[in-house]
Amino acid sequence: MSISLSSLILLPIWISMAHIQQGGPDEKEKTTALKDLLSRIDLDELMKKDEPPLDFPDTLEGFEYAFNEKGQLRHIKTGEPFVFNYREDLHRWNQKRYEALGEIITKYVYELLEKDCNLKKISIPVDATESEPKSFIFMSEDALTNPQKLMVLIHGSGVVRAGQWARRLIINEDLDSGTQIPFIKRAMDEGYGVIVLNPNENYIEVEKPKIHVQSSSDSSDEPAEKRERKDKVSKETKKRRDFYEKYRNPQREKEMMQLYIRENGSPEEHAVYVWDHFIAQSAAENVFFVAHSYGGLAFVELMIQREADVKSKVTAVALTDSVHNVWHQEAGKTIREWMRENCCNWVSSSEPLDTSVESMLPDCPRVSAAHETSN
């Protein structure tokens, strides 16, 4: 049995509490003081002292994992699936490790979109300057020139990026279950142009600049000797504070700030932007959407913003576990009527595939996706 550092630190306090609680009424004041002390202790911070460094590989090989011929993520040496609880009782560390692996998989899927699906990575905003934050989408060679059919794919919210449906499924099941690649390949085989949206890539993160606080003594008329004494005290105070911070949080992460991408600062903005600059400009007579979860909400928002244009180009919309809400989004009667005729929402259900599922909302039909959990 292992005892964590945080437990050792708290043990004397717990023992004292037990002794005091066995005492009489005059011990109440001490009990209150100790309870107040315990309330001030940040257990999350203490737990960080038991963690290994938050320093993870930046390649699949570094993690000793690879995708096999079936598209399953497996350990290179053992052949076992990914293990989340790599270190027992270190949930935060395990979560950080999982997130680091997820970032590698995101880049891996981007590579597959370009190499296996022959899609092109297109930077947005289209008129971005060299220095401003940028995002990107993926398009087939004929996305804008195909005169007949165009397929547009929109994923849901969260950590997923272009080409993914669910990171969890990519890691725990396989690439076919968790990525859009099977949809893209089939669409291209059937003569569709393809555009893959990237609605969660809304900003870039940069480290916050350190603010230099000018010493108040710099501009004062104090004698030099007094100014030196104050500077010495200030340096000693900073030294003690830095030592305390290092002890309190030895793995303090960098403070980051978000720089939002122009006209693409949310999934809804992104959908409208890609419509205006790409989909609306395409030659395709028939445009089809596949939208998962929050992607369905983004599509409904697109309809609200560009109703006439969408109706003139979009032939059908396949929604999967869409979280749109025509009441909350204030979609008008004409939009609801169009959705009833041109949209279908496949939802989580144990019923056989395509069995009608009752809906409380007056929009598009809901049918069973023949599975009980949303991806």
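Attention here is on the structure that accompanies the text. (Residues numbered from 1 in each chain as written. Predicted model: local features only at pLDDT ≥ 70, side-chain atom pairs only at ≥ 80, totals over all residues. Heavy atoms only, no water.)

What to know about the overall build of the protein
We count it as follows: Helix and strand definitions follow DSSP, with helices as H or I runs of at least four residues and strands as E runs of at least two, each counted in order from the N terminus. Type-normalised accessible area, obtained with a 1.4 Å probe on protein chains alone, sets the label of each residue: buried when under 20%, exposed when over 50%, and partly exposed for intermediate values. Pairs of residues are marked as contacts when any of their non-hydrogen atoms sit within 4.5 Å. Values of accessible area rely on a 1.4 Å probe in the Shrake-Rupley scheme; residue burial ignores everything except the protein chains shown.
Along its length, the protein carries 13 helices and 12 strands. Out of the 375 residues in the protein, the part that is buried amounts to 39%. Long-range contacts, defined here as pairs at least 24 residues apart, represent 68% of the contacts in the protein between residues at least 6 apart. When the accessible surface of the protein is split by element, carbon and sulfur atoms take 50% of a total near 22300 Å².

Some thoughts on the environment of Ala291
Within the fold, Ala291 resides in strand 9 (residues 286–292). Those residues in contact with Ala291 that lie beyond four places of it in its chain are Ile154, Gly296, Ala318, Leu319 and Thr320.

Considering helix 11 (residues 294–305)
Where we set the bar: Between the first and last residue of a helix there are one fewer steps than residues, each counted as 1.5 Å, and that sum is the expected span.
For helix 11, spanning 12 residues, the distance from its first C-alpha to its last is 17 Å, which sits close to the expected 16 Å at 1.5 Å a residue. The element helix 11 is extensively covered by neighbouring structure, given that 9 of its 12 residues are classed as buried. Here helix 11 has its buried residues at Gly295, Gly296, Leu297, Ala298, Phe299, Val300, Glu301, Leu302 and Met303.

Let's talk about the layout of surface pockets
Rules: Residues are said to line a cavity or pocket when one of their atoms sits within 4 Å of a point; the points come from a 1 Å grid over protein atoms alone, cavities being sets where a 1.4 Å probe fits but cannot get out and pockets being open sets with protein on both sides within 12 Å along at least five of seven lines. Grid points are joined across faces, edges and corners, and a volume is the space filled by probe spheres set on the points. Residue type decides the class: Asp, Glu, Lys and Arg count as charged, Ala, Val, Leu, Ile, Met, Phe, Trp, Tyr, Cys and Pro as nonpolar, and the leftover types, Gly among them, as polar.
For the largest pocket, the calculated volume is near 1200 Å³. Taken together, 30 residues make up the lining of the largest pocket; nearest its centre are Glu99, Ala100, Glu103, Arg167 and Glu205. Of all the secondary-structure elements, those providing two or more residues to the lining of the largest pocket are helix 5 (91–115) and strand 7 (203–207). When residues in the lining of the largest pocket are grouped by element, the largest group, 10 residues, is from helix 5. Class assignment of the residues belonging to the lining of the largest pocket gives a composition of 11 nonpolar, 7 polar and 12 charged.

Topic: unusual backbone geometry
At the junction of Ile124 and Pro125, the peptide bond is cis and its omega measures out at -5 degrees in the coordinates. Structurally, Pro125 can be placed in the loop between strand 3 (120–124) and strand 4 (135–139). With phi around 45 degrees, Asp321 is a residue other than glycine that occupies positive phi space. Structurally, Asp321 can be placed in the loop between strand 10 (314–320) and helix 13 (333–342). The class of Asp321 is buried, set by a relative accessible area of 15%. A positive phi angle, near 55 degrees, is found at Glu330, a position not held by glycine. Within the element layout of this structure, Glu330 appears in the loop between strand 10 and helix 13. For Glu330, a relative accessible area of 66% translates into the label exposed.

Section: the sheet that holds strand 5 (residues 149–154)
To keep things clear, this is the line we draw: Strand pairing is assigned whenever DSSP detects at least two bridges linking the two strands. Fitted lines through C-alpha atoms give the axes, limited to the stretch in contact for helices. The angle between two N-to-C directions lies from 0 to 180 degrees.
The strand order across the open sheet built from 8 strands is 3-4-6-5-9-10-11-12, with neighbouring strands paired in mixed fashion. Each edge of the open sheet is held by one strand with a lone partner, namely strand 3 and strand 12 (366–368). Shown here is a sheet whose adjacent strand axes are inclined to one another by a mean of 20 degrees, direction ignored. For strand 5 and strand 6 (residues 193–196), the ladder comprises 4 bridges, and the chain directions are parallel. When the sheet's bridge partners are listed, Val152 is paired in strand 6 with Ile195.

A short note on the pairing of strand 5
Here strand 5 lies mainly inside the structure; 5 of its 6 residues are buried. Taken together, the 6 bridges between strand 5 and strand 9 define a ladder with parallel strand orientation. Residue pairing across strands places Leu153 opposite Val290, the latter belonging to strand 9.

A few points about the pattern of salt bridges
Rules: A side-chain nitrogen of Lys or Arg and a carboxyl oxygen of Asp or Glu constitute a salt bridge if their distance falls within 4 Å.
In total, this model carries 10 salt bridges according to the counting rule given. The salt bridge involving Glu103 is made with Arg167; its shortest N-O contact spans 3.6 Å. Of this pair, Glu103 sits in helix 5 while Arg167 is found in helix 6 (residues 167–172), placing the two residues 64 residues apart along the sequence. We classify Glu103 as partly exposed; its relative accessible area is 46%. Overall, the relative accessible area of 5% leaves Arg167 in the buried class. Several salt bridges share partner residues, and in doing so they unite Asp127, Glu132, Arg262 and Glu263 into one network.

Side note on the side chain of Arg336
Using the following cut-off: Counted as positive: Lys and Arg. Counted as negative: Asp and Glu, with His and the chain ends omitted from the count.
Inspection of the secondary structure puts Arg336 in helix 13. One buried charged residue, Arg336, forms no salt bridge at all, with the nearest opposite charge on Glu337 at 7.2 Å. Ignoring sequence-local partners within four residues, the contact set of Arg336 consists of Val326, Trp327, Ala331, Pro362 and Asp363.

Regarding the packing of helix 10 (residues 267–277) against helix 11
Operational definition: Oblique is the label for every angle not falling under 35 degrees (roughly parallel), over 145 degrees (roughly antiparallel), or within 65 to 115 degrees (roughly perpendicular). When the near helix sits turned anticlockwise from the far one by under a right angle, the crossing is termed left-handed; a clockwise turn instead gives a right-handed crossing.
Running from N to C, helix 10 and helix 11 cross one another at 55 degrees; their axes reach a closest spacing of 9 Å. The angle between helix 10 and helix 11 places the two elements in the oblique class. The crossing of helix 10 and helix 11 is right-handed. Packed against helix 10, whose contacting residues are Pro267, Glu268, Ala271, Val272 and Trp275, the element helix 11 presents Tyr294, Leu297, Ala298, Glu301, Leu302 and Gln305 at the interface.

In short, shape yes, function no, at least from these values alone.
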